Amino acid sequence: MKKILPITNAIIAVISGLFVLLGYFFPGVFGGIQSTLIGWAIILAAIALLLGIFNLAMVHWKKIGSDGLGKINSIALLVSLIITIIVVSISGPTGSWSLWIFNSFQVPVEVSLLAVLALILVYAGARLLARRPKWNTILFLVTVLVVLLGSVPLFFVGEITPLSIVRGWLAQVPAIAGARGLLLGVALGTVATGLRILIGVDRPYGG
Amino acid sequence: MTDVICPLCGKPNPPELDECMYCQAPLKTGGFIAPPEGEADLRSSLSSSDKAGEAENQATEPGASSDLEQNIPDWLKQTEANFLDQSEVKPEESFPDEFSEQLDSLLSPPSTPPSPKENAIDDAWLASLLDEAGVGEPAPPSLQGEIVEEHEPEPEIYKLDSESLVEGSTEEEQLSPAQPAEKPDWLKNLEASSTIKLEGELFSSETEQKEAAGNDIAEEKGQAQPPLPEWIAKTGSEENPPSPQEPEQPIAPAELPNWLEALRPTETVSPTGPVEDLTGAEIVSSGPLVGLRGVISAHPSAIRAQKPPTYSIKLRVTDEQQARVEMMKELLADEEKPKPLPSQPIITSRNIFRLIVAVVLLLPMVWMIISGSQQTSTPQPGNIPGVVDFTQQIQMLPSGAPVLMAFDYEAGFSGELNIAITSVLIQLMNKNVYLTLVATTPSGPALAESLIKNASSSLAGTPRSYSNYADLGYVPGGTMGLLGLAKSPRSILPYSLESDNVWAGAPLNAVASIKDFSAVIVLTNDPDTARIWIEQAGPLLQEAATPLLMVTSSLAEPLIRPYYETTPAQVQGLIAGLAGGIAYGRTVGNIQQNGIWDAFSMGVTVSFLIILIGSIAGVVSKMSAASKKKEN
């Protein structure tokens, strides 16, 4: 049984992957099988999300029994989870109470986090040269300042056209070149990984 | 009897044999005589003989002889007297020489072949017995002379063990006085047998005759002799255990035919190699090599598996070592205890600088929003790539057409994206298109619902509820979910969040694939999500020339913009960031200035100044510190 199950898993994974892959090349022949398999995968992903939520609740439930400040955070998380589930179950996912919870808690919290991030980045930029006075640091700071000045018309100054042009060039040439290079590497790695899974060399599902 | 050990097979053989009766190897040339079993007894007898000699010397002294004579029993005295009467030989004349010869023959290895005259044993025994008795009288000259005559060339006779001596002594003791003049029958038989042996008779017949003679003697002894005293009978019984090395019945050598004798190698008869003297080696008493000398014993005790020794595992720790162990335990116990972080002072230069940065950055922005400032010029739609095309694509949509909107951005980016999304929604609502809302993030459906309600509340200045839409909810599975949605949205999301089968009614009943929508608008802050949409849904949309429009954040704009600028474009319209949203609002006539743009401009300006001033201050402080170091 210990040998049969891994082989069965590998066969299922390879055949499923081949059908999905062939669905791209021959949509008329394998399109139906591809859609069916993708539908199953989506259902499994939804179940995985539910399991993740359940696991999160169990972890914090265990933390309640421990000592320290984490206990309070765990209690807050579990209480929030329970209340949200109850409210959304009663009011519906798009009900007024559900939207009130979302707009009153989740949106401000996430926006605040991004605002704090902006503040921290400014502070770090101000201290960067003092902590690491090197040429690459200076280059980095100069690039940041140029992009900032070229993105928005400055208050009391207005738009500085040369800086806007420089900012556009920096964003579209050096930045995109680096990002595309990364994406190409990721794509090649993805292709290699997909092939290894298709031929059964890599078995992330175990076996 | 003394056996001769075969040098080849190591088995004992009777001394009379010239060849080993087991392996036919010659015994006389290279063989050796095994020490008799009663070697110690023989040596003791020899020592006793020496003592007897000493006693004989002492017999010349009257006092000593009188003491010894007192110890001699009467029957022995009578026997001695009869014997002395019948013999005329003086003991002093021949016995010492005879005894020395016997001693020499005992100590020297055998060099001559055994003589068939075995019956001389009895006479020699008698002499030694008399010596032991301390009589000091030698054997009768006549008898002694016979002994010397008959047994002088026979060294084997001195290799008799003590048992045969004792046995013979009891026989001779009682025979000699009864037959003084003529030879007894047994002696005649012995002589006859020796004569026969000399003439080539078999050893077996001699042995048989000897045994027969012994039996006759025993019979005569029982008839003619008085019973032995108890002490000598006891001695005889004690010193006469059954000998394990009794000569076996010899096997008569086969008469080989002449031709076989001719073939017989002569080299094997006389081995030339030296034979090791193993007289001092121990005899193997058990195992397959039993009876052999000089070999490794195969006794089970020698190969017996022994239980391995056990050692105590208890450590012997000194006090100092114990103290160190305790110290180590304490250190390890302290490691497990959580150590409180060192309390830092709240008011530090770093915290003050952080506070200053926050205040300087936030206060102007808050002021701009509160005051609703509009001093900064708003971006022009023509200066923002993609805005004009986006606007045109929306305006080209027919009334009531199904439009798919994907809310795939996080709530934290709502401040940047909501301006553009709200403008787009208002424009779509004004066109009365059928909005189909989906999301690939868990918070997407709630965002979509909130924005729909906000947008519908500001439609054309007259708030009304917009109901021409369907919220299909969340699509799990990431890339896989997007692919499934693009291929068959009906099967992936069959019901709306209100549990309505929206696919059964118009206009979604005509939608079987994503390409059947009139337009697809993706709202995302993540460049990867935008790329997945382009890669998975783009080919299907391009087949039906369905426009793919995107509203993204400033962060994702550099990566998505190439899809818009390519030919043919994979993204037909693009609104990026706050600037794009404001530009699009100006295009559609929905200007939502209310100080946000000025606040944004103020924030960027202040951030620039903070970074610039902070960097200059840092460099100056470093330089001053370096100059101080140089001065010091």
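Residues numbered from 1 in each chain as written. Chains lettered and ligands numbered in written order. Predicted model: local features only at pLDDT ≥ 70, side-chain atom pairs only at ≥ 80, totals over all residues.

> Describe the overall build of chain A, and please don't skip the residues or the numbers.
Secondary structure assignment for chain A yields seven helices and zero strands. Counting all 207 residues of chain A, 11% fall into the buried class. Contacts in chain A between residues at least 24 apart in sequence constitute 25% of all its contacts with a sequence separation of at least 6. (Helix = DSSP H or I, 4+ residues; strand = E, 2+ residues; numbered from the N terminus. Buried ≥ 20, exposed ≤ 12 C-beta atoms within 10 Å, placed from the backbone. Contact = placed C-beta atoms within 7 Å.)

> Residues and numbers for the overall build of chain B, please.
Summing up its helical and strand segments, chain B has 23 helices and nine strands in all. Residues counted as buried form 39% of the 632 residues belonging to chain B. In chain B, the share of contacts with a sequence separation of at least 24, taken over all contacts with a separation of at least 6, comes to 75%.

> Now, about the environment of Leu428 of chain B: what can you tell me, with residues and values included?
Mapped onto the fold, Leu428 of chain B is located in helix α16 (residues 414–430). Sequence-wise, Leu428 of chain B and Gln395 of chain B are 33 residues apart; in three dimensions their C-alpha atoms are separated by 8.5 Å.

> Account for the sheet that holds strand β8 (residues 548–552) of chain B, naming residues and giving values.
Residue and element names in this part refer to chain B. In spatial order, the strands read β6-β5-β4-β7-β8-β9; together these six strands make up an open sheet with parallel pairing. Both outer strands of the open sheet, β6 (469–474) and β9 (573–576), are each paired with one neighbouring strand and no more. Averaged over all pairs of adjacent strands, the angle between their axes in this sheet comes to 15°, without regard to strand direction. When strand β4 (residues 402–408) meets strand β5 (residues 434–439), the two strands line up parallel, connected through five bridges. The partner of Leu404 across the bridge, within β5, is Thr436. Contacts from helix α15 (residues 387–395) reach β7 (519–524), β8 and β9 within the one sheet, and its direction differs from that of β9 by about 125°. Where helix α21 (residues 557–565) meets the sheet, it contacts β8 and β9, and its direction lies at approximately 165° from that of β9. (Pairing = 2+ DSSP bridges. Axes fitted to C-alpha atoms, helices over the stretch in contact; angles between N-to-C directions.)

> Could you give me a rundown of the interface of chain A and chain B, with the residues and numbers involved?
Listed per partner, the contact involves 45 residues of chain A and 50 residues of chain B. Secondary structure elements with two or more residues in the side of chain A that touches chain B: α2 (27–64), α4 (96–131), α5 (135–151), α6 (161–172) and α7 (174–198) of chain A. With 18 residues, α4 of chain A is the largest single contributor of residues to the side of chain A that touches chain B. Classifying every residue of the side of chain A that touches chain B gives 33 nonpolar, 10 polar and two charged. (Nonpolar A, V, L, I, M, F, W, Y, C, P; charged D, E, K, R; others polar.)

> So what's going on with the packing of α5 of chain A against helix α23 (residues 596–631) of chain B? Residues and values would help.
The geometry of α5 of chain A relative to α23 of chain B is characterised by a closest axis approach of 9 Å and an angle of 160° between their N-to-C directions. When the axes of α5 of chain A and α23 of chain B are compared, the pair comes out roughly antiparallel. The hand of the α5 of chain A/α23 of chain B crossing is left-handed. Between α5 of chain A, through Leu141, Val144, Leu145, Leu148, Leu149 and Ser151 of chain A, and α23 of chain B, the contact on the second element is made entirely by Val604, Ser607, Phe608, Ile611, Leu612 and Ser615 of chain B. Class assignment of the residues belonging to the contact of α5 of chain A with α23 of chain B gives a composition of nine nonpolar, three polar and no charged. (Parallel < 35°, antiparallel > 145°, perpendicular 65-115°, else oblique. Left-handed = near helix turned anticlockwise from the far one by under 90°.)

> So what about helix α17 (residues 444–457) of chain B? Which residues, and what values?
For α17 of chain B, spanning 14 residues, the distance from its first C-alpha to its last is 20 Å, which sits close to the expected 20 Å at 1.5 Å a residue. Taken across its 14 residues, α17 of chain B has 10 buried, putting it largely inside the fold. Along α17 of chain B, the positions that sit buried rather than exposed are Gly444, Pro445, Ala446, Leu447, Ala448, Glu449, Ser450, Leu451, Ile452 and Ala455 of chain B. In the core, the buried residues of α17 of chain B are packed alongside α4 of chain A together with β4, α16, β5 and β6 of chain B. (Expected span 1.5 Å × (residues − 1).)

> Mind laying out the confidence of the model for chain B, listing which residues take part and the relevant values?
Residue and element names in this part refer to chain B. In this model, chain B carries a mean pLDDT of 72, and residues with pLDDT of at least 70 account for 61%. Here residues 88–96 is a poorly scored stretch, pLDDT under 50, and it has 21 contacts once near neighbours within four places are set aside; other chains count. Segment residues 197–207 is flagged for pLDDT under 50; beyond a separation of four residues in sequence, or across chains, it makes 14 contacts in the model. Scoring the predicted complex yields pTM 0.59 and, for the interface, ipTM 0.86. (pLDDT = per-residue confidence, 0-100.)

> Tell me about the pairing of β9 of chain B, and please be specific about residues and values.
All names here are of chain B. Residues Gly573 and Ile575 of β9 are buried on one face, and the alternating residues Leu574 and Ala576, pointing to the opposite face, are buried as well. Of the strand pairs in this sheet, β8 and β9 are connected by four bridges, and their pairing is parallel. Across the sheet, residue Leu549 finds its bridge partner in β9, namely Gly573. As for the winding sense of the linkage, the β-α-β connection from β8 through α21 to β9 is right-handed. (Right-handed = clockwise from strand over helix to strand, strands pointing away.)

> An account of the nonpolar core is requested, with residue identities and associated values reported.
Residues and elements named next belong to chain B. Val403, Val520, Ile521 and Leu523 are the most contacted members of the largest nonpolar core, which has 101 residues in total. The element that contributes the greatest number of residues to this core is α16, accounting for nine residues. Setting aside residues up to four positions removed in sequence, Leu523 forms contacts with Met405, Ala406, Phe407, Asp408, Tyr409, Leu417, Ile421 and Val551. Core analysis: the second largest hydrophobic core is formed by eight residues, Val4, Ile5, Leu17 and Ala25 among them. (Core = buried A, V, L, I, M, F, W, Y, C linked by C-beta atoms within 7 Å.)

> Explain unusual backbone geometry residue by residue, including any values.
Residue and element names in this part refer to chain B. The linkage connecting Thr567 with the following residue, Pro568, adopts the cis geometry, with an omega of -5°. Among the secondary structure elements, Pro568 is positioned in the loop between α21 and β9. The backbone of Ala545 sits at a positive phi, close to 60°, despite the residue not being glycine. Looking at where Ala545 falls in the secondary structure, it is placed in the loop between α20 (527–544) and β8.

> Before we move on, could you go through the confidence of the model for chain A and cite the residues and values that matter?
Overall, the prediction assigns chain A a mean pLDDT of 88, with 99% of residues at 70 or greater. Averaged pLDDT values over the elements of chain A bottom out at 87 in helix α1 (residues 4–25) of chain A and peak at 91 in α7 of chain A.

> Tell me about the packing of α16 of chain B against α17 of chain B, residues and numbers included.
Residue and element names in this part refer to chain B. The interhelical angle for the contact between α16 and α17, taken along N-to-C directions, is 60°, at an axis separation of 9 Å. As far as their axial angle goes, α17 and α16 are oblique. In this structure, α16 meets α17 at a crossing whose hand is right-handed. In this structure, α16 contributes Ser414, Asn418, Ile421, Thr422, Leu425, Ile426 and Met429 to the contact, and α17 contributes Leu447, Leu451, Ile452, Asn454, Ala455 and Ser456. Counted by class, the contact of α16 with α17 contains eight nonpolar, five polar and no charged residues.

> Describe the pairing of β5 of chain B, listing the residues and the values that go with them.
Residue and element names in this part refer to chain B. By the criterion of burial, β5 is predominantly enclosed, with six of the six residues buried. Going residue by residue along β5, you find Tyr434, Thr436 and Val438 tucked away on one face and Leu435, Leu437 and Ala439 tucked away on the opposite face as well. For the handedness criterion, the β-α-β arrangement of β4, α16 and β5 is classed as right-handed. One ladder, built from five bridges, connects β5 with β6; its direction is parallel. Considered in β6, the bridge of Thr436 is made with Ala470.

> Any details on the environment of Arg203 of chain A? Residues and values, ideally.
For Arg203 of chain A, the location among the structural elements is in the segment after α7. Arg203 of chain A sits 194 residues away from Asn9 of chain A along the chain, and the two C-alpha atoms are 8.7 Å apart.

> Run through the environment of Arg167 of chain A, naming residues and quoting values.
All names here are of chain A. In this fold, Arg167 is placed in helix α6. With 16 residues separating them along the chain, Arg167 and Ser151 place their C-alpha atoms 7.1 Å apart. Apart from the residues lying within four places of it in its own chain, the contact partners of Arg167 are Val146, Val147, Gly150 and Ser151.

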